[in-house]
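Observations on the three-dimensional arrangement
Chain by chain, the residues:
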Amino acid sequence: MDDVDLARARVLAITGAGISAESGIPTFRGPEGHWRNLDPMKLATPEGFAENPSLVWEWYNERRENIRAAEPNAAHRAIVDLAHGAREFLLVTQNVDDLHARAGLPNEKMVQIHGDIFETRCSRCDFQGDVAKCERCGALMRPGVVWFGESLDPRKIDIVENFLAEDVDLTLVIGTTAVFGYIIDWATRNSRRIIEINPEATGLTNRATEVLREPAAIALPRFVQNLKAKNAAAAMNKYETQ
Ligand code: NAD
Ligand code: ZN
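Summary of the structure given here. (Residues numbered from 1 in each chain as written. Chains lettered and ligands numbered in written order. Predicted model: local features only at pLDDT ≥ 70, side-chain atom pairs only at ≥ 80, totals over all residues. Heavy atoms only, no water.)

**Some thoughts on the overall build of the protein**
Of the regular secondary structure elements, the protein holds nine helices and eight strands. For a compact globule of 242 residues, the expected C-alpha radius of gyration is about 18 Å, and the protein comes in at 19 Å, within 12% of that figure. For the C-alpha atoms alone, the extent of the protein along its principal axes is close to 75 × 35 × 30 Å. Put simply, the protein has 242 residues, and 45% of those count as buried. (Helix = DSSP H or I, 4+ residues; strand = E, 2+ residues; numbered from the N terminus. Rg over C-alpha atoms; globule rule 2.2 N^0.38 Å. Buried < 20%, exposed > 50% of the residue type's maximum accessible area, 1.4 Å probe, protein only.)

Following this line, the structure appears as C-alpha cells:
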C-alpha cells in the first residue's frame, strides 16, 4: 500500500485508556482497574453516584491526584508530532485525563468525547464550579465526565462528524477496546487506512488495515518517525536526476 504523504493528509487519531497506561494511569478493564475491590464499570455510572455520591467522589479525587502526579509519555508526544506534520488533524480521545494537552496538543485539534475529569458540574442543571452543591439548583455537583449509559455532548459529536464529512487518509486507533459503536463507526467511516495499536485484539481488529501488537509508547513514536523518514526520502527522490 502507498505510504501516506503526511503534509497532504487528513489524519484522525482515536485514543483510549491504553495510551495513558504507561504513564501509570490504570485502565478500567486491566488488572489494576479495580479500586478498593469495587468495579469501575459500576462506580462510573449515574446509578453508582445516586447510591453513594461521596464514595464516587473519593474515587474521582484519588484519580485526579494520580493524574496530576503523572507525566505524558512518548505516545502522547508522538501524537503531537503527527498533528504538527499533518495537513489536517483531529484527536478523538476517550480519556478524561489531561496528558494529551500537557504533551502540547492544541485544544482545537482535540475532542475529549468522554469529558474532563478536572471539571465539576451540577448533576441536574448546567452549572459548573468547584462547590459541593449547585449554587443555582441545590443538586449535588459531580465530575464533568460521561458515565456509562449517558449520552455524549452533541457539540463534541458535531466536531467529529464535521471532520469525517471528508475522506480521512490515515486513522490511528490506539489503546482502546473499541466497545462503543460510535468509536467503531468513527474509526472506519471514510477512512482509507486504519492502523490499530494495542497489545490485545479489539472490536476493531478485523476492520484494521494494519495492526501493531505493542505498547503505544513503543509502537507509536516508531510509526511516526518511520512515516516522516519515508516522506522525507520521497521528497528527495523527486529531485534526483538520472
Ligand atoms: P478502554 O476500553 O479504552 O481499554 C483499554 C485498552 O488499552 C485495552 O484494549 C488494552 O488492551 C489497551 N492497552 C493497555 N495497555 C496498553 C498500552 N501500553 N498501549 C496500548 N494499548 C494498551 O479503556 P477502559 O480502561 O476500559 O476505560 C473505559 C472508559 O473509562 C474510557 O473510555 C474513559 O472514558 C474512562 N477511562 C479513562 C482513563 C484516562 O483518562 N486515562 C483511564 C481509565 C478509564
Ligand atoms: Zn444545578
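**Some details on the nonpolar core**
Ranked by size, the top nonpolar core spans 29 residues in total, and within it Phe89, Leu172, Ile197 and Leu220 carry the most contacts. Mapped by element, the contributors of at least two residues to this core are β1 (10-15), α5 (74-85), β2 (88-93), β6 (170-174), β7 (194-197) and α9 (216-237). Formed by 19 residues, the second largest nonpolar core is a distinct cluster that contains Val111, Val173, Ala178 and Ile194. (Core = buried A, V, L, I, M, F, W, Y, C linked by side-chain atoms within 4.5 Å.)

**Section: the coordination of the zinc ion (ligand 2)**
Within the protein, the atoms that donate to the zinc ion (ligand 2) are Cys122 (SG), Cys125 (SG), Cys134 (SG) and Cys137 (SG), at distances of 2.2 to 2.3 Å. In this structure, the zinc ion (ligand 2) is coordinated by four donor atoms arranged in tetrahedral fashion, with angles at the metal of 100 to 121 degrees. Counting the intervening residues between successive donors of the zinc ion (ligand 2) yields the motif C-x2-C-x8-C-x2-C. (Donors = N, O, S within 2.8 Å, 3.2 Å for Na, K, Ca; no water. Tetrahedral: all angles 85-135°; square planar, octahedral: opposite > 155°, others 65-115°.)

**Description of the packing of α5 against α9**
At a minimum axis distance of 7 Å, the contact between α5 and α9 shows a crossing angle of 25 degrees. By the angle class used here, α5 and α9 are roughly parallel. Along this stretch, α5 crosses α9, giving a crossing that reads as left-handed. Of the residues in α9, those in contact with Ala74, Ala75, Ala78, Ile79, Asp81 and Leu82 of α5 are Ala216, Ala217, Leu220, Pro221, Val224, Gln225 and Lys228. Within the contact of α5 with α9, the residues separate by chemical class into ten nonpolar, one polar and two charged. (Axes fitted to C-alpha atoms, helices over the stretch in contact; angles between N-to-C directions. Parallel < 35°, antiparallel > 145°, perpendicular 65-115°, else oblique. Left-handed = near helix turned anticlockwise from the far one by under 90°. Contact = heavy atoms within 4.5 Å. Nonpolar A, V, L, I, M, F, W, Y, C, P; charged D, E, K, R; others polar.)

**Section: the pairing of β2**
With five of six residues buried, β2 lies mostly within the body of the structure. Relative to β2, β1 is paired through six bridges, and the arrangement is parallel. Among the inter-strand pairings, Leu12 is bridged to a residue of β2, identified as Leu90. In this sheet, strand β3 (residues 110-112) lies alongside β2 in parallel orientation, the contact comprising three bridges. Within the sheet, the bridge partner assigned to Leu91 lies in β3 and is Met110. (Pairing = 2+ DSSP bridges.)

**Re the site of ligand 1**
In the vicinity of ligand 1 there are 25 residues, among which Phe28, Arg29, Gln94, Thr177 and Asn198 approach most closely. Contact between ligand 1 and Gly18: an oxygen atom at 3.4 Å from a main-chain N or O atom of the residue. Gln94 is positioned such that a nitrogen or oxygen atom in its backbone is 2.7 Å from an oxygen atom of ligand 1. Contact with the protein chains covers 92% of the free accessible surface of ligand 1, which is 840 Å². Of the residues forming the shell around ligand 1, the biggest block, three residues, is contributed by helix α1 (residues 18-21). (Near = heavy atom within 4 Å. Polar contact = N/O pair within 3.5 Å; in protein donor to acceptor, adjacent residues only side chain to side chain. Areas by Shrake-Rupley, 256 points an atom, 1.4 Å probe, with all protein chains shown as cover.)

**Some words on the packing of aromatic side chains**
If you walk through the whole model with that rule in mind, you get eight aromatic pairs. Through a chain of ring-to-ring contacts, the aromatic side chains of Phe28, Phe49, Trp59, Tyr60, Trp147, Phe148, Phe180, Tyr182 and Trp186 assemble into a single cluster. The ring of Trp59 has Arg63 sitting right over it, with the charged end atom 4.6 Å from the ring centre. Against the face of Trp147 rests Arg142, its NZ or CZ located 3.8 Å from the ring centre. (Phe/Tyr/Trp six-rings, centres within 6.5 Å; stacked < 30°, edge-to-face > 60°. Lys NZ or Arg CZ within 6 Å of the ring centre and 35° of its normal.)

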